[in-house]
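# Structural description and commentary
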Amino acid sequence: MEVLIASSTEEICELLAQDSSRQLLAGGTDFMVEVNYRHRSPSSVITIDQVPELQNWHHDGDSVVVGSCVTYREIERGPLATLVPALAQAARTVGSPQIRNAGTIGGNIGTASPAGDMIPVLSALGAVISLRSSEGIREISLEDLIIGVKETSLRHGEFIESVRVPVLDSPQEFLKVGSRSAMVISVTSLAFITYPKTRSVGIGLGAVNPTPTRAKEAEEFIADYLDWESMQVDPSGLDHFKDLVSAASSPIDDHRSVAAYRRKSIGILAQRALTRVFTEGVL
Amino acid sequence: MTTIESYESKTKSGVGVSAQRPDAVPKATGEFPFSSDLSSHNMLWGQTLRSPYPSARIKNIDISEALSISGVHAILTANDVPGKNLFGLEHPDQPVLADDLIRYAGEPIALVAAEHPEIAAKAINAIHVTFEELTPLIDAESSITAEPIHPEGNVIRHLKIDYGDPSTTGDLVIEGTYEVGMQDQAFMGTESGMAVPSPDGSVDLYISTQWLHSDQNQIIEALDLPEDMVRLTLAGVGGAFGGREDVSMHVHLCMLALHTGRPVKMVYDRNESFLGHVHRHPAKIWYRHHATKDGHIVKVEGKIILDGGAYASTTSAVLANACCFSTGPYRVSSAQIEGWGVRTNNPPCGAMRGFGNVQTCFAIEAQMDKVASALGIDPVELRLINALEQGDSIITGQKITGAAPVKEVISSLAGHPMPGPAENNLLARPGGTGRTTDQKHIKRGVGFAVSIKNLMFAEGFDDSSEALCQVDDGNVAIHTACVEVGQGFITLVHQIAEEVLGTSDITVIPADTSIGSAGSTSASRQTWMSGGAVLKACEAVVVKLIEQIFEDEGVKYENLDGTLVSEDGTKTIPVAEALKGRSFHEKVVHRHAPTFPLNNKGQGDAHVSFAFAAHRAVVDVDQELGLVRVIEIATSQDVGRILNPLQAVGQIEGGITQGLGLAVLEELVMKNGVIQNANFTDYLLPTALDTPPIEIAALIEEPEPGAPFGAKGIGEPPTISSTPAVVAAIRDATGVDLRRVPVRPEDIALE
Amino acid sequence: MPNETQPHLNVNGETLTIDDAWLGESLLYTLRERLGLYGSKNACEQGECGSCSIMLDETLVCACLVLTGSATGKDIKTIESLAPEGSLSTIQQAFVDTGAIQCGFCTPGLLITIKDFLDENTNPTDLEIREAISGNLCRCTGYGRIVEAVRIASKTHDETEGGN
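Here is a short report on the structure shown in this document. Fair warning: this is a prediction, and the values are worked out from it, not measured in the lab. (Residues numbered from 1 in each chain as written. Chains lettered and ligands numbered in written order. Predicted model: local features only at pLDDT ≥ 70, side-chain atom pairs only at ≥ 80, totals over all residues. Heavy atoms only, no water.)

Here we come to the pattern of salt bridges. In the structure shown here, the tally under the stated rule is 65 salt bridges over all chains. Between Arg739 of chain B and Asp737 of chain B there is a salt bridge, with its nearest N and O atoms 2.9 Å apart. Arg739 of chain B sits in the partly exposed class, given a relative accessible area of 27%. Take Asp737 of chain B: its relative accessible area is 41%, and that puts it in the partly exposed class. Through salt bridges with shared partners, a single ionic network connects Glu173 and Arg276 of chain A together with Arg435 and Asp438 of chain B. (Salt bridge = Lys/Arg side-chain N within 4 Å of Asp/Glu carboxyl O. Buried < 20%, exposed > 50% of the residue type's maximum accessible area, 1.4 Å probe, protein only.)

Residues and elements named next belong to chain A. Strands sit in the order β15-β16-β17 across an open sheet of 3 strands; the sheet is mixed. With one partner strand each, in any of the chains shown, β15 (226-227) and β17 (279-280) form the two edges of the open sheet. Examined bridge by bridge, β15 and strand β16 (residues 232-233) share 2 bridges and lie antiparallel to one another. From the neighbouring strand, Asp227 faces β16, where its bridge partner is Gln232. (Pairing = 2+ DSSP bridges. Helix = DSSP H or I, 4+ residues; strand = E, 2+ residues; numbered from the N terminus.)

Here we take up the side chain of Asp37 of chain B. Relative to the helices and strands, Asp37 of chain B is located in the loop between α2 (24-29) and β1 (44-50). A polar atom in the side chain of Asp37 of chain B sits 2.7 Å from the side chain of Lys41 of chain C. Ignoring any residue separated from it by four or fewer positions in sequence, one finds Asp37 of chain B in contact with Phe32 and Lys265 of chain B together with Arg32, Tyr38 and Lys41 of chain C. (Polar contact = N/O pair within 3.5 Å; in protein donor to acceptor, adjacent residues only side chain to side chain. Contact = heavy atoms within 4.5 Å.)

Size of an interface, as often reported, equals the accessible area lost when the parts are brought together. Chain C puts 44 residues into the contact, and the matching count from chain B is 65 residues. Here chain C and chain B share 5 salt bridges between them. Taken together, the elements giving at least two residues each to the side of chain C that touches chain B come down to α1 (27-34), α3 (90-98), α4 (107-120), α5 (126-132) and α6 (144-160) of chain C. Here the residues of the side of chain C that touches chain B sort into 18 nonpolar, 13 polar and 13 charged. (Nonpolar A, V, L, I, M, F, W, Y, C, P; charged D, E, K, R; others polar.)

Here the focus is the interface of chain B and chain A. At the junction of the two partners, chain B supplies 38 residues and chain A supplies 32 residues. The largest share of the area that chain B buries against chain A comes from Thr433, Arg435 and Leu625 of chain B, three residues that together contribute 20% of it. Residue Arg272 of chain A is joined to Glu624 of chain B by a salt bridge in which the shortest nitrogen-to-oxygen separation is 2.9 Å. Counting every contact that joins chain B to chain A gives 17 residue pairs in polar contact (both at pLDDT 80 or more). Contributing elements (two or more residues each) for the side of chain B that touches chain A: α4 (117-126), α8 (270-276), β25 (627-638) and α19 (745-749) of chain B. In terms of residue class, the side of chain B that touches chain A is made up of 15 nonpolar, 12 polar and 11 charged. (Buried area = accessible area lost by both parts, 1.4 Å probe.)

Bear in mind that shape data such as this cannot, by itself, settle questions of function.
Rendered as structure tokens:
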């Protein structure tokens, strides 16, 4: 195996332009598992975890731009955690301290697992991903990037450079169901984002669909039941809201859980997230 | 910790104190050599090709491409097995390498030895096997009457217990069917070892195992070599819990080493480890309990089916345990129990800590709670009413002649203070960092369960352990083949030496086959058997010492706690002092009192000794989501005598955690005979966050007659009633009639 | 750019020349089978057990998930350097004293994890300790004695070893 250590994004572009079959390695928390169990045997690897542009994040007006190699650890604590709390909550649930120190947001997106913990949050935040190649930069929505189970629309020679998400300074929630208290793959997960300016909410669903999904109908429906001044929700809408969220999921049976449980629990997560932010009250 | 301190022996050293493990320091520095840390000059790496299918016929094996890979030194198949291509712990029914038929997914087919693990892996992938897939037999119940999948038939054992008057009835009849999923021992140190060939055609095997001599017996048959040409030495073991009792890579390693003439090392990765050892028997259990209005269990009818998987392993003994103790630690006047251990194309099952008692205890304790509820009797009270006592018989007709402080175990635990509410911290709630659950979503439940475990082997097995106490010019060395898997026997050896010889400054000769068998490190037997052997060997040295001194000086001494005291009381010499300049060589074989087979009605004095334990679990449940957080597990255990309080606590806490795992987390999920989660991503072991503080309410010390130091084995009882206690607590919190372990969120939430 | 000089690894304060052929291995394999540093253990090779925990550029990671080629030029610390030869660190001593070691396979990974944790946290609560070690699986002990060992070590840790 040839191992090339990139020190700039230009270098990555060049190396990929030379040979687009080269594989990118950041934290290794998915990549190395496949290598160790021989599901992946790349002949040439570019390590990107030492590229400063990719390791950093910055505030840019009313959004943050997070480099693709920013680790879960950084997202979980410090200033980023205050700026995007739901992302921090999600990051805290990933793996173990060891995994969080190494794993990256770009890796989570690139692996594109339906159970990826960053994904429902990024979806609900309307994240925009910046892709770079030697041809330049292009921006793409999460939904357009992740197009199937573990499948992205990345072109040859392209890599994930950064993710842009809004800084909303309003309540956000991330909830994740797993069978174990720590170090567990999502059985279902959900992100709930409030947009006070537009008086709308964003609901991202995790582990219940093959690709990133928002519960759009539920988002629209519940809008009429929310009072943004008093931060209250009319409880008469909650049951239908829950059903709409469940209906936005098409979960499967697998060795971790059953579809019926996933369908039921995603609705419950939505209701709980909502009622944490909006207290139940007759409007 | 007050509890531990209160059990400390009054003496400063020897048996009864929390003596430090002699291997603690090297384990803390990382220098302790585990079997996976072995290395040798000129070493090759071995790997195993395994069947992906649970049932198939091998039509052809083409190794030509694999052999042509540079760096490959050997590819071996069934034809290369020098002796008998069969092995087995109780009974040789399993091929060393699959010949014609594949009977489980993961069954070994071929072996590779190569210069580097990557080359070996490449070679494995280059071996082309033509399979004819067959329909696997995966349902245990139907296996009884199905077409045999093995020449010895599908019923490995069928056992009936007919005790008391079958026409007995009670005022109340409670029926229930229960299921236990497949748990795995999941020891941290995967299977590993190294075989080193000698020019004379003999081989030395350095291996992690539980029983060196049983391994040796099977290996020599397969290699067609005499005993003195196959020498086993124990390498550092990273846990066992029953999963190392059977032969795994042992013959494979020896074959590769002898074939290539070079040392061969093999290490299973975690996925292969799951495939490479036996698991806990999944079980289906039906009970019908008959009780009087005032809570006496008068009759128990039961049917037990254990899925033994493809090969027999220890299914016969596990079934016997499950059946003999199928009525729990309770006095019943009548029992009709029928059990089957059957063969399927599921992965082979065998020993796991608790060994059959775990499965029936889960079901029986559920039944007891149902009886209590139906009669309006407190569940703890019901257990006290029916608790076995010394002098009672169990349902095999055997009278309990040893200590049976069941009532004390139950009462001491029931009286233990309850924990307070959980911390107001999401880390303490169901769902943990998943943030699913607020205080208002939580209901608390409490569950109680009691168990009985037989110690040591049973049914007439002539169990023994050999120990040597050797003194060379005053330097003491002790040798047994007793396998240390982490349980702390190595500490006990030092403590016994301190107790008898007044010194723990001894050499423990590495466990190997140059000394006689110590039997298996399992069945909670080693303290009794190998501890007993070491005790006897040390005592034998002192007897000889006293004789020698008498010959030399004409003074008769007596050994009092490591000091020789003359008959007239005027002279004293520490034993260690008296040993200086002298040499002794005392080898003893220690046996327990004989046991007897069960007759065709399941009657017989089949067991040596019994130990009892009770567990109380407190859980917080988020019923809507079906998420459980175990808040506390408390226990009382009947221990005979505590030989090392700190090690006892360690065994209890570790065993309870395994019980918790079976209750809510651990199951090998099968689909058409293939394990779906043979990895730590999805076979969920309890983490430190899942495991609650464990409270020891009481360790009841009623010395066991016949047991060295009066001590009972303590390793297994913690894993037995901990599982049903947790499930009972979940039932208490939710009202859901849970019939299966492990309990999954959907079992609660979708009810 | 492609490495033109012979690759090196900085392990426990020593610079070791390594073979090109090792660059594609996991750091865990290289440390153990190439460099003879068997202290870090392999219980899963998936990052799910923590038994291979090491410090990489002062960050706690699983060595099994590090490609050796990506670790050249980084500072690697393993269990072998937790304490000077012949002595035990506070945490190691606490483990020995509290019965936190049974089979010992998980021990090195735990010790590295705990040292990293205590370097950053004084006076941790039990829950904080449990979350910190939730990535280290132990099958023998049930974690009770381990948590006790961390409690004891946390009292003296910053007095002797300090954060570094």
